[in-house]
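Architecture and fold: a report
Each chain, written out:
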Amino acid sequence: MAIRRRALLGTAALAAPGGLPWRARAQGGQGQGAPIRIGVLTDMSGPYRDLTGPSSLAGARQAAEEFSAATGLAVEVIAGDHQNKPDVGVNIARQWFDRDGVDMIADLPNSAVALAVSQVAREKNKVVVGSGVGSTAFTGAQCSPNSVQFTYDTYMLAKGTGDALVKQGSDTWFFVTADYAFGHALQADTARFVEAAGGKVLGAARYPFPATTDFSSFLLQAQAARPKVIGFANAGADLVNCIKQAREFGLARQGLKFACLLMTVVDTLSLGLPEAQGLLMTESFYWDLNPRTRAFADRVKGKLQGRIVNASCAGNYGGTLHYLKAVQSLGPGPARASGLAVVERMKAMPCDDDAFGPGRIREDGRKLTPGYLFQVKAPGESTGPFDVHKLIATTPAESAARPLAEGGCPFVKT
Amino acid sequence: MDDIFGIPAPLLFGQLLLGLINGAFYAMLSLGLAVIFGLLNIVNMAHGAQFMMGAFAAWMLLAWGGIGYWWALILAPIIVGITGVIMEKLFISKLYKLDHLYGLLLTFGLALIIEGVFRNEFGSSGLPYRIPPELSGAWDLGFMFMPVYRGWVVIAALILCLATWLMIEKTRLGAYLRAATENAALVQAFGVNVPRMITLTYGFGVALAAVGGVLAAPIYSVNPQMGSNLIIVVFAVVVIGGMGSILGSVLTGFALGIVEGLTKVFWPEASATVIFVIMAIVLLARPAGLFGRA
């Protein structure tokens with residue numbers, strides 16, 4: 001009996017499920033010579049699939065098709081599933097660079113994978129345009145002259161939410177935090193901006209990750225501290241559970257605000273407006289911001305099979321488009337020969353695309369983009385299934401990114 | 001305000017009540033596991049996936065068929081129970097003569113496949129399911145805000161556990177079942193169709209997991225991983241209670257929910273570990289579990 005039980009628990013503790021290898025191809029353009037190859041290395045089967053995966057691929061393909069149609073440059077987009085494992089990501093990247101003639105790798109959600117692949121691209125003198133990577137180390141201590149961080153980083157999220165809310169009078173905070181490195185970092189970053197803006201952090205409840213499904217205890221601890229804002233330093237299913245349970249226990253009815261430090265429009269749809277209404281979050285893209293974002297959303301939606309046009313789709317579109325412009329400007333031959341030259345050209349040329357508008361890429365590889373603080377609409381305010389966010393505040397592009405001198409990127413001279 | 005061990009009394013009472021509610025879920029899930037293990041000797045690692053399927057069935061009934069919560073509470077377990085019957089017929093029935101580990105590995109593999117298929121079909125970020133209007137709202141208990149739905153979960157779990165225990169321990173059908181697990185050949189000789197009874201028992205255990213899933217859908221994120229987080233704790237509950245002991249796993253489920261709730265007050269970071277510490281101590285002191293027969 002005892003042996004059986006021990007064996008059972010041993011097996012129960014075995015590895016988490018991994019996804020199957022996944023590949024898709026999209027052809028764009030009919031130009032001369034070997035096409036420029038772009039590999040979208042993303043999460044096709046795991047926790048970030050809904051956020052990135054097919055949406056990221058659609059954005060990159062859209063950019064390739066538009067650019068090919070306009071210039072005649074032949075571009076091919078392929079996709080790979082890194083399964084959130086750095087070793088799998090690095091293997092695919094090496095194979096792509098060495099055997100498949102891939103010139104640029106895009107997306108890379110999951111910072112561990114992104115940082116590993118970035119080193120491979122540097123070693124092979126290729127290009128990485130990371131849209132899904134959120135770690136500030138990507139353009140900080142572990143920056144690479146061959147890499148660009150296009151869509152967001154955790155600094156922007158923390159500042160966009162923490163700073164803006166305190167300035168609107170929500171100045172006492174309590175955090176509900178996932179007890180691991182990511183949760184701690186998100187809490188610490190946000191707390192810094194809250195305190196810098198004159199706010200006060202009353203405390204934090206750290207819950208075991210990933211073993212927690214019921215958050216009511218931690219929510220009641222937060223409520224007992226009587227803050228104006230509860231900051232959720234977690235993501236995905238944990239965040240959704242926190243929100244659902246906070247509503248259930250009537251926290252919002254007492255005038256408490258919920259700040260979600262890493263939430264996207266996909267989470268809003270997953271919660272549904274009745275549960276999500278009033279939530280606050282920062283993102284760098286929303287499809288309904290202005291006429292250009294709406295035009296982009298209209299063009300790309302046919303590739304998304306009913307999914308919303310989100311920041312991953314937009315980031316991979318904008319990043320790929322800007323990369324292709326730099327390739328065209330250098331000429332495909334020299335561009336293929338030196339990834340470093342392409343990234344330098346990307347930094348030298350101003351960016352402009354329908355998803356993000358005009359902008360530029362800084363010396364350390366960070367694309368400067370405004371941080372938008374959004375609030376989820378109430379069901380009565382929404383006029384369609386994807387009409388879910390309204391803009392509350394904007395952090396300008398130059399101040400949304402961490403100051404260059406604080407990053408510690410070795411090749412940047414300040 | 002009165003303090004108990006430095007914690008304000010209202011907070012402590014609140015946490016005790018929450019622990020009881022979480023214990024209701026542990027009890028319901030460990031009940032199904034205990035029934036399947038006690039009567040079939042199969043360690044059903046697919047239980048978490050079947051719990052998830054119950055929640056998804058409720059979502060599908062609502063989104064595709066317009067069928068609400070109350071009917072889902074009846075229909076979802078039947079639907080998921082039927083998939084369990086098919087699974088038992090196709091796969092599990094081949095393994096009764098082999099070592100337990102084979103059943104464990106098979107059901108573990110099936111759980112991974114089921115979760116993968118759901119993730120591919122429905123994505124990883126979860127689907128919305130609302131609390132039914134009859135059960136929304138909350139009671140103000142003075143020391144805390146008690147959602148009506150949570151109260152309903154505790155009541156439903158108690159009824160379900162009691163009914164299952166009565167059926168297995170006090171009815172003729174339950175007597176046949178228990179006899180069949182002791183000596184299948186003899187019971188078959190008396191004219192009872194033992195293989196069919198075993199198949200239906202597995203289906204029933206699976207249906208219990210699905211009921212838990214429907215009850216969980218309005219308060220937890222309905223996503224393909226929702227069962228895998230819970231199942232490891234539930235296995236620990238079953239081991240502490242004594243494998244195959246139905247009453248034991250129910251009582252242990254509620255008790256551990258309360259212990260976990262208290263840990264969340266005094267030392268939140270340890271609340272996931274405390275159940276496994278208790279498990280280790282119980283295994284050292286009483287290898288057959290608190291209520292198990294060695």
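Residues numbered from 1 in each chain as written. Chains lettered and ligands numbered in written order. Predicted model: local features only at pLDDT ≥ 70, side-chain atom pairs only at ≥ 80, totals over all residues. Heavy atoms only, no water.

Attention now moves to the nonpolar core. By size, the foremost hydrophobic cluster in this structure holds 178 residues, and its most contacted members are Phe232(A) and Tyr323(A). The dominant element in this core, judged by the number of residues it contributes, is helix α1 (residues 9-40) of chain B, at 16 residues. With residues near it in sequence (within four places) discarded, Tyr323(A) still touches Ile36(A), Ile38(A), Asp103(A), Met104(A), Val127(A), Val129(A), Val342(A) and Met346(A). (Core = buried A, V, L, I, M, F, W, Y, C linked by side-chain atoms within 4.5 Å. Buried < 20%, exposed > 50% of the residue type's maximum accessible area, 1.4 Å probe, protein only. Helix = DSSP H or I, 4+ residues; strand = E, 2+ residues; numbered from the N terminus. Contact = heavy atoms within 4.5 Å.)

This paragraph deals with the interface of chain B and chain A. Counting from both sides, the interface comprises 54 residues of chain B and, opposite them, 45 residues of chain A. Summing the contributions of chain B and of chain A, the shared interface buries around 4300 Å²; its carbon and sulfur component is 60%. Interface area lost by chain B to chain A is led by Arg119(B), Ser125(B) and Phe145(B), which between them contribute 12%. Counting across the interface, chain B meets chain A through three salt bridges. Across the salt bridge formed by Glu275(A) and Arg130(B), the nearest N and O atoms sit 3.9 Å from each other. (Buried area = accessible area lost by both parts, 1.4 Å probe. Salt bridge = Lys/Arg side-chain N within 4 Å of Asp/Glu carboxyl O.)

In this numbering, the UniProt entry assigns the feature "domain: Leucine-binding protein" (unreviewed entry) to residues 35-378 of chain A. Strand forms 19% of residues 35-378 of chain A and helix 45%; the C-alpha atoms that close the span are 47 Å apart. (UniProt positions renumbered as here; feature names shortened; annotations may be inferred.)

Interface extent is often summarised as the accessible area lost during association of the parts. Residue and element names in this part refer to chain B. Each assigned domain of chain B is listed here: domain 1 (48-223) and domain 2 (225-285). Distance between the C-alpha centres of domain 1 and domain 2: 20 Å. Listed by partner, the interface residues are 15 residues for domain 1 and ten residues for domain 2. For the pair domain 1 and domain 2, the summed buried surface comes to about 1100 Å²; carbon and sulfur atoms form 75% of the total. When the area that domain 1 buries against domain 2 is broken down by residue, the three leading residues are Phe51, Trp165 and Asn223, summing to 35%. Summed over the shared surface of domain 1 and domain 2, the result is zero salt bridges. For the side of domain 1 that touches domain 2, the elements supplying multiple residues, two or more each, are α2 (47-65), α4 (100-122) and α5 (148-170). By residue class, the composition of the side of domain 1 that touches domain 2 is ten nonpolar, three polar and two charged. (Domains from an automatic or database assignment. Nonpolar A, V, L, I, M, F, W, Y, C, P; charged D, E, K, R; others polar.)

So, on to the environment of Ser93(B). Residues and elements named next belong to chain B. Topologically, Ser93 is positioned in the loop between α3 (69-90) and α4. Exposure remark for Ser93: the relative accessible area of 30% places this residue in the partly exposed category. With 85 residues separating them along the chain, Ser93 and Pro8 place their C-alpha atoms 54 Å apart. Side-chain polar atoms of Ser93 contact the backbone oxygen of Lys89, separated by 3.0 Å. (Polar contact = N/O pair within 3.5 Å; in protein donor to acceptor, adjacent residues only side chain to side chain.)

All names here are of chain A. This model, assessed by the stated rule, comprises 22 aromatic pairs over all chains. Aromatic side chains Tyr207 and Phe215 sit 4.7 Å apart centroid to centroid with 85° between the ring planes, which places their arrangement in the edge-to-face category. In textbook terms, an aromatic cluster arises when at least three aromatic residues are bridged by ring pairs, as seen for Phe150, Phe285, Phe296, Tyr317 and Phe356. Note that Arg192 overlies the ring of Phe193, its terminal NZ or CZ placed 5.4 Å from the centroid. (Phe/Tyr/Trp six-rings, centres within 6.5 Å; stacked < 30°, edge-to-face > 60°. Lys NZ or Arg CZ within 6 Å of the ring centre and 35° of its normal.)

This part is about the UniProt feature "transmembrane region" (unreviewed entry) in chain B. Residues and elements named next belong to chain B. The feature "transmembrane region" (unreviewed entry), as annotated in UniProt, sits at residues 12-35, 42-62, 68-87, 99-118, 149-168, 200-220, 232-259 and 265-285 in this numbering. Counting secondary structure, residues 12-35 comes out at 100% helix and 0% strand; the distance between its end C-alpha atoms is 34 Å. The distance from the first to the last C-alpha atom of residues 200-220 is 29 Å, and the span holds 81% helix and 0% strand.

Turning next to empty space enclosed by the protein. Inspection of every chain in the model, using the stated rule, returns three cavities of 30 Å³ or more. As a volume, the largest cavity reaches approximately 150 Å³. Along its surface, the largest cavity is lined by 16 residues, and Ala211(A), Thr213(A), Asp214(A), Tyr26(B) and Glu260(B) are the ones closest to its centre. Put simply, the parts of the chain that give the lining of the largest cavity at least two residues each are α1, α9 (226-241) and α10 (246-266) of chain B. In terms of residue class, the lining of the largest cavity is made up of eight nonpolar, five polar and three charged. Here the second largest cavity is characterised by a volume of approximately 40 Å³. Asp103(A), Asn125(A), Lys126(A), Val127(A), Tyr323(A), Ala335(A), Arg336(A), Ser338(A), Gly339(A) and Val342(A) together form the lining of the second largest cavity. (1 Å grid on protein atoms, 1.4 Å probe; cavity = no way out; pocket = protein on both sides within 12 Å on 5 of 7 lines; lining within 4 Å. Points joined across faces, edges and corners; volume = space filled by probe spheres on them.)

What follows is about the domain arrangement of chain A. Residues and elements named next belong to chain A. Taken domain by domain, chain A comprises domain 1 (23-152 + 290-369) and domain 2 (155-283 + 371-400). Summarising the inter-unit geometry, the C-alpha centres of domain 1 and domain 2 are found 29 Å apart. Here domain 1 meets domain 2 over a buried area of about 1100 Å², counting both sides, of which 71% is carbon and sulfur. When the buried area of domain 1 at its contact with domain 2 is split by residue, Tyr152, Ile308 and Thr369 rank highest and sum to 45% of it. Viewed at the interface, domain 2 and domain 1 are joined by one salt bridge. For Glu398, the salt bridge is made with Arg360, and the minimal N-O distance between the two is 3.5 Å. Summed over the shared surface of domain 1 and domain 2, the result is zero residue pairs in polar contact (both at pLDDT 80 or more).

Now for a nonpolar patch on the surface. On the surface, a nonpolar cluster with roughly 720 Å² of combined accessible area is contributed by Trp71(B), Ile74(B), Ile78(B), Ile82(B), Ile86(B), Leu90(B) and Phe91(B). With respect to the secondary-structure elements, Ile86(B) resides in helix α3. (Patch = residues over 30% accessible without salt bridge, like charges linked within 9 Å, V, L, I, M, F, W, Y side chains within 5 Å. Areas by Shrake-Rupley, 256 points an atom, 1.4 Å probe, with all protein chains shown as cover.)

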